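In case you want the letters, here they are:
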Amino acid sequence: MFTIRSERQLVQHIEYNLLYRWFVGLNIDEEVWDHSTFSANRERLFNEKIAQKFFSYVLRIAEWRKLVSNEHFSVDGTLIEAWASMKSFVKKDDDSAPQSNPPSDGERNPSVDFNGEKRSNTTHQSSTDPEARLYKKSEGDKARLCHMGHVLMENRNGLTLDTPVTLATGTEEREAALQMAERTVKRVGATLAADKAYDAKEFVEDVRKLKITPHVAQKKNSIAIDARTTRHKGYAMSIKKRKIIEESFGWAKTIGGLRKTRFVGLAKIKCQTIFTFAAYNLTRMATLFGWPLSGFGHPQYVW
């Protein structure tokens, strides 16, 4: 929430920031623990059940204050760049990988020429993060090793309700959207907005089977979304509202540090993503409650 980028930097802040000392229960003259304490306890903290519990508690506050809509939702996906370089993306079961044969001149970073070599997820794999996939989200964009993060947002105040992380594949966005809708959207006749990437006949039909109205942006010559859906005023409102989801992605990547993950492996990245969007919900609620302007002590904002 305060753009502290590393555990070493957090320890430095606790050293001189009295508010941080108070929050973690340290007196002014007490010594702050070593940064390696985080590393020793990360395996215990980065447990998906713990992360999901924290996320649910934050969301429960929003539901209690009636900030969460149960009628109108939006979905979208974003790429999370993996903690792995393109040099680690080598042929599967290839002993000639740069990590296996470090350069003879003693340099840390070996020179590798991939010019003319065709690489794909079928034949190649990252030796640093095997679960990362080579992927690009749009034409003209460069392919990179990444994971795919997904968000289900309620449209009233733009709060995140669900945020899984999956392998970056061509169909994973729509599959994750269906899973999120099935476990989170409970109201019959609720709407689900999405961009043109979700304008696929099979996806729209599956959403309707869940008794949810798909408000998906139309592609040219779309056969999935027609005038039966687009003629309603609610459709235009959903298409406009769904763009708010980009604000959560922007915050998560610039403030929350999710543009490039600092962890390896899908399990840890899932936990990092859940914690990040829980923090986003907290900052969003702070804005809705008026805390930056009115302060925590105002009776209107006391929980």
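Residues numbered from 1 in each chain as written. Predicted model: local features only at pLDDT ≥ 70, side-chain atom pairs only at ≥ 80, totals over all residues. Heavy atoms only, no water.

1. A word on the confidence of the model for the protein chain
- The share of residues in the protein chain with pLDDT of 70 or more is 88%, and the mean pLDDT across the chain is 86.
- When pLDDT is averaged over each element of the protein chain, strand E6 (residues 160–162) comes out on top at 97 and helix H11 (residues 291–294) at the bottom at 56.
- Below pLDDT 50 for its whole length, residues 293–303 participates in 15 contacts with residues either more than four positions away or in separate chains. (pLDDT = per-residue confidence, 0-100. Helix = DSSP H or I, 4+ residues; strand = E, 2+ residues; numbered from the N terminus. Contact = heavy atoms within 4.5 Å.)

2. Side note on the pairing of strand E9 (residues 213–216)
- Note: strand E8 (residues 191–194) against E9, four bridges, orientation parallel. Within E9, the residue paired with Leu 192 across the bridge is Pro 214. (Pairing = 2+ DSSP bridges.)

3. Looking at helix H5 (residues 172–184)
- Across its 13 residues, H5 extends 18 Å between first and last C-alpha, which sits within 8% of the 18 Å expected from 1.5 Å per residue.
- Contacts made by the buried residues of H5 are with strand E1 (72–81), strand E5 (144–154), E6, strand E7 (165–167), E8 and helix H6 (201–209). (Expected span 1.5 Å × (residues − 1).)

4. A short note on the packing of aromatic side chains
- Under the counting rule described, the total for this entry stands at seven aromatic pairs.
- For the ring pair Phe 54 and Phe 275, a centre distance of 5.6 Å and an interplane angle of 45° mean the geometry is tilted. Placement of the pair is Phe 54 in helix H4 (residues 48–64) and Phe 275 in helix H10 (residues 266–289), with a sequence separation of 221 residues.
- Taken together, a centroid distance of 5.5 Å and an interplanar angle of 55° make the contact between Tyr 198 and Phe 203 tilted. (Phe/Tyr/Trp six-rings, centres within 6.5 Å; stacked < 30°, edge-to-face > 60°.)

5. With respect to the pattern of salt bridges
- All told, the structure shown has six salt bridges when counted by the stated rule.
- With a shortest N-O distance of 2.6 Å, Asp 162 and Arg 183 are connected by a salt bridge. A residue pair is termed long-range when its members are at least 10 positions apart, and Asp 162 in strand E6 and Arg 183 in helix H5 qualify at 21 residues.
- The class for Asp 162 is buried, based on a relative accessible area of 9%.
- A salt bridge links Asp 206 to Lys 209; the nearest nitrogen and oxygen atoms lie 3.9 Å apart. Here Asp 206 and its partner Lys 209 are both found in helix H6, three residues apart, which amounts to about one turn of the helix.
- Exposure remark for Asp 206: the relative accessible area of 22% places this residue in the partly exposed category. (Salt bridge = Lys/Arg side-chain N within 4 Å of Asp/Glu carboxyl O. Buried < 20%, exposed > 50% of the residue type's maximum accessible area, 1.4 Å probe, protein only.)

6. Focus on unusual backbone geometry
- You will see that Thr 3, though not glycine, has its phi angle at about 55°, which is positive.
- By relative accessible area, Thr 3 is classed as partly exposed at 39%.
- The residue Asn 221 is not glycine, and still its phi comes out positive at about 60°.
- Counting through the fold element by element, Asn 221 comes out in the loop between E9 and helix H7 (227–230).

7. Considering the side chain of Thr 229
- Locating Thr 229 in the fold gives a position in helix H7.
- Look at Thr 229 and you get buried, because its relative accessible area is 5%.
- Not counting residues within four places of it along the chain, the set of residues in contact with Thr 229 comprises Arg 208, Pro 214, His 215 and Tyr 235.

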